[in-house]
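Given next are the chains, with one letter for each unit.
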Amino acid sequence: MRLLFPLLTILLLAPLAQAQGIAEALQECPSTVTGSSQPEQIHLQITDNPNEMVVVWATEQRGDAVVEWSSETGSSSATGDSYCYNHDKAFHMVLMNDLTLGEEVTYRVGDGNVWSSEFTFTPFDPDADRFEWISIADHGLSSEALDVTEAIIADSQAQLVTISGDIAYADGNQNIWDEWFATQQESMASIPWVTAVGNHENEPAVGFEAYEHRFDSDQVIESETFWFSRNIPGVHLIFMSTEHEFTPGSTQYNWLQTDLQSANTPDARTERPFIIVIGHKPMYSSNDYHGSEVELRAALETLYVENGVNLVIAGHDHFYERTWPVNGEKVSDKGGGDVFGQGHEPIHLVIGIGGRSAYEELEEPQPEWSAYRENSSYGWTRLVYDDTTRELEFSHHRIDGTIGDSFTLQESFLSSESEESNALGIAGIDSVFAIIALLGAAFRKK
Ligand SMILES: [Fe+2]
Ligand SMILES: [Fe+2]
């Protein structure tokens, strides 16, 4: 009987005018011909136009896709279609346009009859004075990953989440993707999560197909651009793929070169002082499990150094590590110790601490370029840009609520020499405090 009902539906629907669509559905994903039209896995995606927002969702049954939204400025709606891959879900992608920056939008998605509940988001101004975001990698659905999810949902200040690849760890089991999106929906329906692909997005028998149907960077359904950039306050943010060709002469390399050069002109730097690259595999890692991706470094390090990339945020090795500003494994200037600026070589981060089992074996002794590393904690990282100070603060948060590492990027250059004088200055103040404390103690004794 369970088989008979969908079969009857198919037989009844087949002669209708939509025969072509049905035929396509039967061929591609027969199980999406029937089932619930209730939207699930609702998530926002940003385009390169800040006045736009894409919303993607899934249903069991194929059908129309409608988004209705409203804000103080007025109400609007837009439509799309459904598409699928070899899985029992249909997907929908609709673009919301003409949004007013900084104005809260209330929206719902559905097929015109069956609707989701209402969600809200606020399109951010890429020239805002302050911006806070979360950066994670190697996430999945472990209990530690759920702690990270909870922390993201609870973070009312963050306006964006970036992922440096290895997202759901579906590895061919498409239900894992469904569960991952359902688990993140409370955050992803309100703030955009923007992703670079990792090796686990290239799935057995599926390849990148699941990723391409479920995320969007280019407003094209069923395919994806794997390298793209977005402007956020203070930062030109580049998403690249370590899982596709990246050597000089490749399409990706040429794109990276053009995008980096335009982000590194004096005018562009005045508008946005920092350049950050999000990618999966690390050029620098002192973890024994994978370690530094030497081919990646050989292909791209010079390009990053020449164009003043400030941070490269990677994952893949499941631990936390921050390098000093480095080029060719050499550290020529440690900045202010925990303050760095334009003119310093790139700092590389491995933040594969989003929830997958920690890789605890480390290369010993710790390489000179490695500034800080932690091999058995889980968590996420946070970045805060303040346009009044023109500084970007980075912090590494463990799921137990403590902070493991932090540093500041500032617009102006600060060298190790000024750090020494700084250190002396602080030592001087410390000595004065010590003398006052001693005098106080002596006084109390009397
Ligand atoms: Fe991973
Ligand atoms: Fe990986």
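Okay, so let's go over this structure.

How each quantity is defined
- Residues numbered from 1 in each chain as written.
- Chains lettered and ligands numbered in written order.
- Predicted model: local features only at pLDDT ≥ 70, side-chain atom pairs only at ≥ 80, totals over all residues.
- Heavy atoms only, no water.
- Disulfide = S-S within 2.5 Å.
- Helix = DSSP H or I, 4+ residues; strand = E, 2+ residues; numbered from the N terminus.
- Buried < 20%, exposed > 50% of the residue type's maximum accessible area, 1.4 Å probe, protein only.
- Donors = N, O, S within 2.8 Å, 3.2 Å for Na, K, Ca; no water.
- Axes fitted to C-alpha atoms, helices over the stretch in contact; angles between N-to-C directions.
- Parallel < 35°, antiparallel > 145°, perpendicular 65-115°, else oblique.
- Left-handed = near helix turned anticlockwise from the far one by under 90°.
- Contact = heavy atoms within 4.5 Å.
- Nonpolar A, V, L, I, M, F, W, Y, C, P; charged D, E, K, R; others polar.
- Pairing = 2+ DSSP bridges.

### Let's talk about the state of the cysteines
Part 1: Applying the stated rule across the entire model yields one disulfide.
Part 2: Between C29 and C84 runs a disulfide, and the two sulfur atoms are separated by 1.6 Å. Here C29 and C84 share a disulfide; its torsion about the S-S bond, 60°, makes the bridge right-handed. One end of the pair, C29, is in the loop between helix 2 (19-28) and strand 1 (40-45); the other, C84, is in the loop between strand 5 (82-83) and strand 6 (90-96), and 55 residues separate them in sequence. Here C29 and C84 have matching classes, each one buried.

### Brief notes about the coordination of the iron ion (ligand 2)
Under perfect tetrahedral coordination by four donors, a metal shows angles of 109.5 degrees; under perfect octahedral coordination by six donors, it shows angles of 90 or 180 degrees.
Part 1: Taken together, the protein ligands of the iron ion (ligand 2) are D166 (OD), N199 (OD1), H280 (NE2) and H316 (ND1), with distances of 2.1 to 2.2 Å.
Part 2: Sequence positions of the donors to the iron ion (ligand 2) reduce to the motif D-x32-N-x80-H-x35-H.
Part 3: Here the iron ion (ligand 2) and the iron ion (ligand 1) are spaced 3.4 Å apart, and both take D166 as a donor. Linking D166 in the loop between strand 10 (161-164) and helix 4 (174-188) with H280 in the loop between strand 14 (274-278) and helix 8 (294-306), this pair joins segments that are 114 residues apart in sequence. Judged on exposure class, the residue D166 and its partner H280 are both buried.

### Observations regarding the packing of helix 3 (residues 143-154) against helix 4
Part 1: Running from amino to carboxyl end, helix 3 crosses helix 4 at an angle of 20°, the nearest separation of the two axes being 9 Å. What the angle tells us is that helix 3 and helix 4 run roughly parallel. Here helix 3 and helix 4 pass one another in a crossing that is left-handed. Counted together, L146, T149, I152 and I153 of helix 3 and T183, Q184, E186 and S187 of helix 4 form the full contact between these two elements.
Part 2: Here the contact of helix 3 with helix 4 is built from residues that sort into three nonpolar, four polar and one charged.

### Some words on the sheet that holds strand 5
Part 1: With respect to topology, four strands assemble into an open sheet ordered 1-2-6-5, the strand pairing being antiparallel. Edge strands, defined here as strands with exactly one partner in the open sheet, are strand 1 and strand 5.
Part 2: The pairing of strand 5 with strand 6 spans two bridges and is antiparallel. Looking at the pairing, Y83 lines up with F91 of strand 6.

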